[in-house]
Amino acid sequence: NVARPKIVECRRMPTEILKRLSDEGKIELVSWGGKDGQGQAPATREWVLENIEGAWGVIVMLSEKVDQEFLEAAGPSLRVVSTMSVGYDHIDLDACKKRGVKVGNTPHVLDDAVAELTLTLALMATRQIPSASRLVREGRWAESPWSPLSFCGPSIKGKTIGFLGFGNISQSLAHLLVPFKPSRIIYTTSKPKPFDITSSDFAPLADGSFPTDRIVISNQPEIGKLAEESDVIFVLASFNQHTKHIVDEAFLRRMKPTAYLVNSSRGPLVDTEALAKAISQGWIAGAGLDVLENEPNIPASHPLLQADCVDKVVILPHIGSATNETRFAMAELAARNILGGVGLLEGMVYEV
Ligand code: 8YV
């Protein structure tokens, strides 16, 4: 009677493989059900700590902090923690390493979805979409009839686009931006990689040409300069002790008053208080944010939701990777990582 590996999922995963292995008696699957029994709301901390004892593997999301207390509650049986996310700032990697616990994540499958959403945020912010759309939804169109400059914002065409971080998601976004014809793409990166703008995975313009002759792409290691020169800045870096508040008051003061900031990586990369000041005082034109410090606890009293900011920001509830295809692919990868980590498949697909 061989022990069945106990696997805990802190959210019901939209994938068949774990359920099938459980039905076949190959694993003991413990799933968070929640109040509604659907297991879609975040697992409570109490439930997690009570249920992970003796687990070989635990599947977590961003909302589950994997810290000393978590690892102790799981005990020595724990071999792998698999997160359904590319980011792993909610996991204490050193503590996992010390206990010999492997950590898996879900990179690559979400690059294009996050890039699409990030571009959408930039367009929504620069073209004033939320306030323009609200006018119509509230039946107030006649109060603000067409005028030459109403709801105007900058084009991407001809502008300098800055990237804080130039990993896989940024590069996917850079490809999406090329047909919008920016004049320059500048970026900072801690791990320089060659970026081939003529690679076959991005589409040529209607006339069949690639616009590489018009777009200068260069590494700009001085982030203050990137702040000064960019018209739209994309924050797409992982969160760690070096990147906390990388966009601070000094950075925002160096930005152009016509420029926009877009963050779809992690909230704490941007100093929220400084951003609210920058927007309300006109140091910058606006922002698009898929993430915020202290999310999801964002009350209506949040500084960015006040009258002096709210029409200049677009805030979304962390939905960058939320396409059907991407979330299924992430769930599948998270499941494969856990099964690889406990030895039921040959190795993990992605190990941090
Ligand atoms: C996820 C993300 O939706 O992958 C990440 O790091 O932030 C998002 O894609 C979220 O983390 C779910 O856990």
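Residues numbered from 1 in each chain as written. Predicted model: local features only at pLDDT ≥ 70, side-chain atom pairs only at ≥ 80, totals over all residues.

Student: Go over the site of the ligand, please, and point to the residues and values.
Tutor: Near the ligand the following residues occur: M61, L62, M84, S85, V86, G87, L110, G320 and S321. Classifying every residue of the shell around the ligand by side-chain character gives five nonpolar, four polar and no charged. (Near = placed C-beta within 6 Å. Nonpolar A, V, L, I, M, F, W, Y, C, P; charged D, E, K, R; others polar.)

Student: Could you give an account of the confidence of the model for the protein, naming the residues involved and the relevant values?
Tutor: Across the protein, the average pLDDT comes to 92, with 93% of residues at 70 or higher. Across the whole predicted complex the pTM is 0.92, and at the interface the ipTM reaches 0.95. (pLDDT = per-residue confidence, 0-100.)

Student: Explain the environment of L304 to me, using residue names and the numbers behind them.
Tutor: Take L304: it is sitting in the loop between β11 (286-289) and β12 (313-315). Taking C-alpha positions, L304 is 34 Å from F70, a pair spaced 234 residues apart along the chain. Contact partners of L304, with chain neighbours within four places excluded, come to T272, L275, A276, C309, V313 and I315. (Helix = DSSP H or I, 4+ residues; strand = E, 2+ residues; numbered from the N terminus. Contact = placed C-beta atoms within 7 Å.)

Student: Please set out the pairing of strand β7 (residues 184-188) residue by residue, giving values where relevant.
Tutor: The alternating pattern of β7 places I185 and Y187 on a buried face and R184, I186 and T188 on a face that is not buried. The sheet contact formed by strand β6 (residues 160-164) and β7 spans five bridges and is parallel. Across the sheet, residue F163 finds its bridge partner in β7, namely Y187. A crossover links β6 with its parallel partner β7, the connecting element being helix α7 (residues 168-177), and its sense is right-handed. Bridge analysis of β7 against strand β8 (residues 216-219) gives four bridges, and the strand direction is parallel. For Y187, the partnering residue across the bridge sits in β8 and is N219. (Buried ≥ 20, exposed ≤ 12 C-beta atoms within 10 Å, placed from the backbone. Pairing = 2+ DSSP bridges. Right-handed = clockwise from strand over helix to strand, strands pointing away.)

Student: Give me the lowdown on the pairing of β11, citing residues and values where you can.
Tutor: Residues in a regular strand point their side chains to alternate faces of the sheet. Side chains of β11 alternate between two faces, with G286 and G288 and A287 and L289 buried alike. Sheet analysis places β11 next to β12, joined by three bridges and oriented parallel. By the bridge assignment for β12, A287 is matched with V313.

Student: Go over the environment of A3 with me, naming the residues and quoting the values.
Tutor: Summarising the element assignment, A3 is placed in the segment before β1 (6-9). Note: C-alpha distance between A3 and I27 (24 residues apart in sequence) is 8.8 Å.

Student: Could you give an account of the nonpolar core, with specific residues and numbers?
Tutor: Counting 93 residues, the largest nonpolar core has V235, Y260 and V262 as its most contacted members. Take this core: its biggest share by element is nine residues, from helix α5 (residues 111-126). Among the domains, domain 1 (6-109 + 324-341) and domain 2 (111-315) are the pair contributing at least three residues each to this core. When near neighbours in sequence (up to four residues on either side) are disregarded, Y260 contacts A122, A125, T126, V232, I284, A285, G286, A287 and G288. (Core = buried A, V, L, I, M, F, W, Y, C linked by C-beta atoms within 7 Å. Domains from an automatic or database assignment.)

Student: Account for the sheet that holds strand β4 (residues 80-83), with residues named and values stated.
Tutor: Ordered in space as β2-β1-β3-β4-β5, the five strands form an open sheet in which the pairing is parallel. Of all the strands in the sheet, the pair left with one neighbour each is β2 (28-31) and β5 (102-104). Each strand axis lies, on average, 15 degrees off the axis of its neighbour in the sheet, ignoring direction. Sheet topology note: the β1/strand β3 (residues 57-60) ladder contains three bridges and is parallel. Paired with V8 across the bridge in β3 is V58. Against the sheet, helix α11 (residues 324-341) touches β1, β3, β4 and β5, its axis set at about 170 degrees to β4. (Axes fitted to C-alpha atoms, helices over the stretch in contact; angles between N-to-C directions.)

Student: Please set out α7 residue by residue, giving values where relevant.
Tutor: The element α7 is extensively covered by neighbouring structure, given that seven of its ten residues are classed as buried. Listed as buried for α7 are I169, S170, Q171, S172, L173, A174 and L177. For α7, the elements touching its buried residues are α5, β6, β7 and β9 (232-235).

Student: Quick rundown of the sheet that holds β12? Include the residues and the values.
Tutor: Pairing is parallel in the open sheet, where seven strands are placed in the order β8-β7-β6-β9-β10-β11-β12. With partners counted over all chains shown, the strands left at the sheet margins are β8 and β12, one partner each. Sheet twist, expressed as the average angle between the axes of neighbouring strands with direction ignored, equals 15 degrees. For strand β10 (residues 260-263) and β11, the ladder comprises four bridges, and the chain directions are parallel. Note on β11: the bridge partner recorded for V262 is G288.

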